[in-house]
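Structural overview for review
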Amino acid sequence: VHQMESKTDNRVPKIFPSVKFLNYKNRRRILVTGGAGFVGSHLVDRLMLEGHEVIVVDNFFTGRKRNVEHWVGHENFELVHHDIVRPVYLEVDEIYHLASPASPPHYMHNPVKTLKTNTIGTINMLGLAKRVGAKVLIASTSEIYGDPMEHPQSETYWGHVNPIGPRACYDEGKRVAETLSYAYMRQENIKVRVARIFNTFGPRMHMNDGRVVSNFILQALQNDSITIYGNGEQTRSFQYVSDLVDGLVTLMASNYTQPINIGNPVEHTIEEFAMIIKDLIGGTSKIIRLAAVEDDPQRRKPDISRAKKYLNWEPKVSLTEGLKKTIAYFVKELQRTKHLQKD
Ligand code: NAD
Ligand code: UDP
Ligand code: UDP
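Residues numbered from 1 in each chain as written. Chains lettered and ligands numbered in written order. Predicted model: local features only at pLDDT ≥ 70, side-chain atom pairs only at ≥ 80, totals over all residues. Heavy atoms only, no water.

1. Digging into the overall build of the chain
- Helix and strand counts for the chain come out as nine helices and 15 strands.
- Against the 2.2 N^0.38 benchmark of 20 Å for 343 residues, the chain shows a C-alpha radius of gyration of 20 Å, consistent with a compact globule.
- A principal-axis box enclosing the C-alpha atoms of the chain has dimensions of 55 × 55 × 40 Å.
- For the chain, with 343 residues in total, the buried portion stands at 53%.
- Taking all contacts inside the chain whose residues are at least 6 apart in sequence as the whole, residues at least 24 apart take part in 80%.
- One finds the centroid of the 44 positive side-chain charges in the chain at a distance of 3 Å from the centroid of its 38 negative side-chain charges. (Helix = DSSP H or I, 4+ residues; strand = E, 2+ residues; numbered from the N terminus. Rg over C-alpha atoms; globule rule 2.2 N^0.38 Å. Buried < 20%, exposed > 50% of the residue type's maximum accessible area, 1.4 Å probe, protein only. Contact = heavy atoms within 4.5 Å. Lys, Arg positive; Asp, Glu negative; His and termini not counted. Charge placed at Lys NZ, Arg CZ, Asp CG, Glu CD.)

2. With respect to the side chain of Glu 178
- Along the polypeptide, Glu 178 turns up in helix 4 (residues 168–188).
- A distance of 2.7 Å separates a polar atom in the side chain of Glu 178 from a polar atom in the side chain of Arg 196.
- For Glu 178, the contacting residues outside a window of four places in its chain are Ser 140, Ile 144, Val 194, Arg 196 and Pro 259. (Polar contact = N/O pair within 3.5 Å; in protein donor to acceptor, adjacent residues only side chain to side chain.)

3. Regarding the site of ligand 3
- Taken together, 18 residues lie around ligand 3, and Asn 215, Thr 227, Arg 236, Asp 296 and Arg 300 are the ones closest in.
- Note that an oxygen atom of ligand 3 is positioned 3.0 Å from one of the side-chain N or O atoms of Glu 143.
- The separation between an oxygen atom of ligand 3 and a polar side-chain atom of Asn 215 is 2.8 Å.
- Broken down by secondary-structure element, the contributors of at least two residues to the shell around ligand 3 are helix 5 (212–221) and strand 10 (226–229).
- Grouping the constituent residues of the shell around ligand 3 by class yields seven nonpolar, five polar and six charged. (Near = heavy atom within 4 Å. Nonpolar A, V, L, I, M, F, W, Y, C, P; charged D, E, K, R; others polar.)

4. Quick word on the packing of aromatic side chains
- This structure, assessed with the given rule, holds eight aromatic pairs.
- Summarising the aromatic geometry, the rings of Tyr 107 and Tyr 170 are spaced 4.3 Å apart at their centres and angled 0 degrees between planes, so their arrangement reads as stacked. On the criterion of sequence distance, the pair formed by Tyr 107 in helix 2 (residues 104–109) and Tyr 170 in helix 4 is long-range, its members being 63 residues apart. Taken as a pair, Tyr 107 and Tyr 170 share a single burial class, namely buried.
- One aromatic cluster is present, formed by Tyr 145, Tyr 157 and Phe 198 through successive ring pairs.
- The side chain of Lys 65 reaches across the aromatic face of Phe 60, ending 5.4 Å from its centre. (Phe/Tyr/Trp six-rings, centres within 6.5 Å; stacked < 30°, edge-to-face > 60°. Lys NZ or Arg CZ within 6 Å of the ring centre and 35° of its normal.)

5. A closer look at the side chain of Thr 200
- Residue position: Thr 200 is located in strand 9 (residues 200–201).
- Given the relative accessible area of 10%, Thr 200 is considered buried.
- A distance of 2.7 Å separates the side chain of Thr 200 from the backbone oxygen of Phe 198, its partner in a polar contact.
- At 3.1 Å, the side chain of Thr 200 forms a polar contact with the side chain of Gln 239.
- Ignoring sequence-local partners within four residues, the contact set of Thr 200 consists of Phe 38, Met 205, Gln 239, Tyr 240, Val 241 and Leu 244.

6. Points about the packing of helix 1 (residues 38–49) against helix 6 (residues 241–253)
- Where helix 1 contacts helix 6, the two axes come as close as 10 Å, and the packing angle between them is 65 degrees. Here the hand of the crossing between helix 1 and helix 6 comes out right-handed. Between helix 1 and helix 6, the contacting residues are Phe 38, Val 39, His 42, Leu 43, Arg 46 and Leu 47 on the first element and Val 241, Leu 244, Val 245, Asp 246, Leu 248 and Val 249 on the second.
- Considered class by class, the residues forming the contact of helix 1 with helix 6 number nine nonpolar, one polar and two charged. (Axes fitted to C-alpha atoms, helices over the stretch in contact; angles between N-to-C directions. Left-handed = near helix turned anticlockwise from the far one by under 90°.)

7. Structural notes on a nonpolar patch on the surface
- A cluster of nonpolar side chains, Tyr 229, Leu 290 and Val 293, forms an exposed patch at the surface whose accessible area comes to about 220 Å².
- Tyr 229 sits in the partly exposed class, given a relative accessible area of 32%. (Patch = residues over 30% accessible without salt bridge, like charges linked within 9 Å, V, L, I, M, F, W, Y side chains within 5 Å. Areas by Shrake-Rupley, 256 points an atom, 1.4 Å probe, with all protein chains shown as cover. Salt bridge = Lys/Arg side-chain N within 4 Å of Asp/Glu carboxyl O.)

8. A closer look at the confidence of the model for the chain
- Per-residue confidence for the chain averages 95 on the pLDDT scale, and 96% of its residues sit at or above 70.
- Complex prediction metrics read pTM 0.96 and ipTM 0.98. (pLDDT = per-residue confidence, 0-100.)

9. Overview of the sheet that holds strand 5 (residues 77–81)
- The sheet built from seven strands is open, its strands ordered 5-4-3-6-7-8-13 with parallel pairing. Looking at which strands have only one partner, the edges of the open sheet turn out to be strand 5 and strand 13 (260–262). Between one strand and the next, the sheet's axes are offset by a mean angle of 20 degrees, whatever the strand orientation.
- Here helix 3 (residues 111–132) sits on the sheet in contact with strand 3 (29–33), strand 6 (94–97), strand 7 (135–141) and strand 8 (191–197), set at roughly 170 degrees to strand 6. (Pairing = 2+ DSSP bridges.)

10. A look at the pattern of salt bridges
- Within this structure, the stated rule accounts for 22 salt bridges.
- Measuring nitrogen to oxygen at the nearest pair gives 3.5 Å for the salt bridge that ties Glu 91 to Arg 131. Of this pair, Glu 91 sits in the loop between strand 5 and strand 6 while Arg 131 sits in helix 3, placing them 40 residues apart in sequence.
- Judged by its relative accessible area of 47%, Glu 91 is partly exposed.
- Given a relative accessible area of 41%, Arg 131 falls into the partly exposed group.
- A salt bridge links Asp 296 to Arg 167; the nearest nitrogen and oxygen atoms lie 3.8 Å apart. Here Arg 167 lies in the loop between strand 7 and helix 4 and Asp 296 lies in the loop between strand 15 (287–290) and helix 8 (305–311), a separation of 129 residues in the sequence. In this structure, Asp 296 and Arg 167 share a single accessibility class: buried.
- Taken together, the salt bridges that share partners define one network made up of Glu 143, Arg 167, Arg 236, Asp 296 and Arg 300.

Okay, structure coming up:
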């Protein structure tokens, strides 16, 4: 176990999780933009435990220091408060570019900023990769398929996106991020990897990000009504965060440069999903229906044959197993926030 004296109280040494010792040849300097967010912080854990040097750049719009605080003070770790819409000069071998609001209420809160982050922010990361010769992995999304006319969605599908609707800032922002990646690849020989991430859940999701997983769990835990938007027949396919992290790390290490779907193909209607969560949690919540959301994609399920073939990757964690861990996290979060309110 690696030990270091705490800066704030030198009588209590800070105990870090034990990391692998990597020699200089195998150790990489890795930038994770958005590393204080939900997915980013799990990726940071994985890279730190593997013994790499990790730099997180985050503006804390939706991320939190708490997600990575267990690494603060470790000699391999650096946390930089910075907005990637402004240029940043660092020396790194790899860039995982995850910075972007991700839940619909968050990205719709400031659509212009969402667009700037995904366009100008992505140009800055590609410019950085060009200057230092780093490999860059872009966190794209299943939203680039829009409200899909093809089912399940494979990477060859070009998508069906409303370019001026309420989701466009995110969907089109991510589409431009992909376009930029391949323009830099063709023109500047940048090494790019593009992960099209499907709905992901797990501990450290925001309590109030308005996504279906956090909403339904919190509602069931508090015996509030479980709110289905529309008729509940729309579908999603949910992936547990550790499977996503495996997929991202495997993709970065591979030679595969085309976009690749990373998601769990087990598909449920939102109504089924409400019942699964209610059954797991128990309680007295009623399931109610609210107005449908504008431009809500009606069906979503990844075709993951590409990931299986080229990365030998497929998800391992079942929905129920993942939900149990996520519910346990939310129970603790609720206790913590209640405790904070009392103080
Ligand atoms: P998140 O909101 O928890 O994390 C995003 C992080 O980016 C936050 O820490 C936020 O503070 C930071 N950020 C946002 N704008 C920034 C800026 N301008 N400069 C610096 N930092 C900035 O979301 P997440 O669920 O962890 O998503 C991570 C990435 O994965 C995003 O790019 C998202 O689009 C993509 N993705 C996520 C999902 C999912 O279901 N979670 C699905 C598809 C794609
Ligand atoms: N950039 C950055 N960090 C770097 C190198 C570049 O943030 O280490 C930014 C830079 O501000 C520029 C963008 O990345 O606006 C794109 O870089 P590129 O070299 O493609 O463009 P140029 O600098 O030639 O306009
Ligand atoms: N949804 C719902 N009730 C909620 C939150 C979301 O019925 O309280 C629905 C939403 O309309 C969508 C699906 O659940 O059809 C997934 O929504 P989420 O915002 O989690 O992700 P995304 O739409 O980006 O896939």
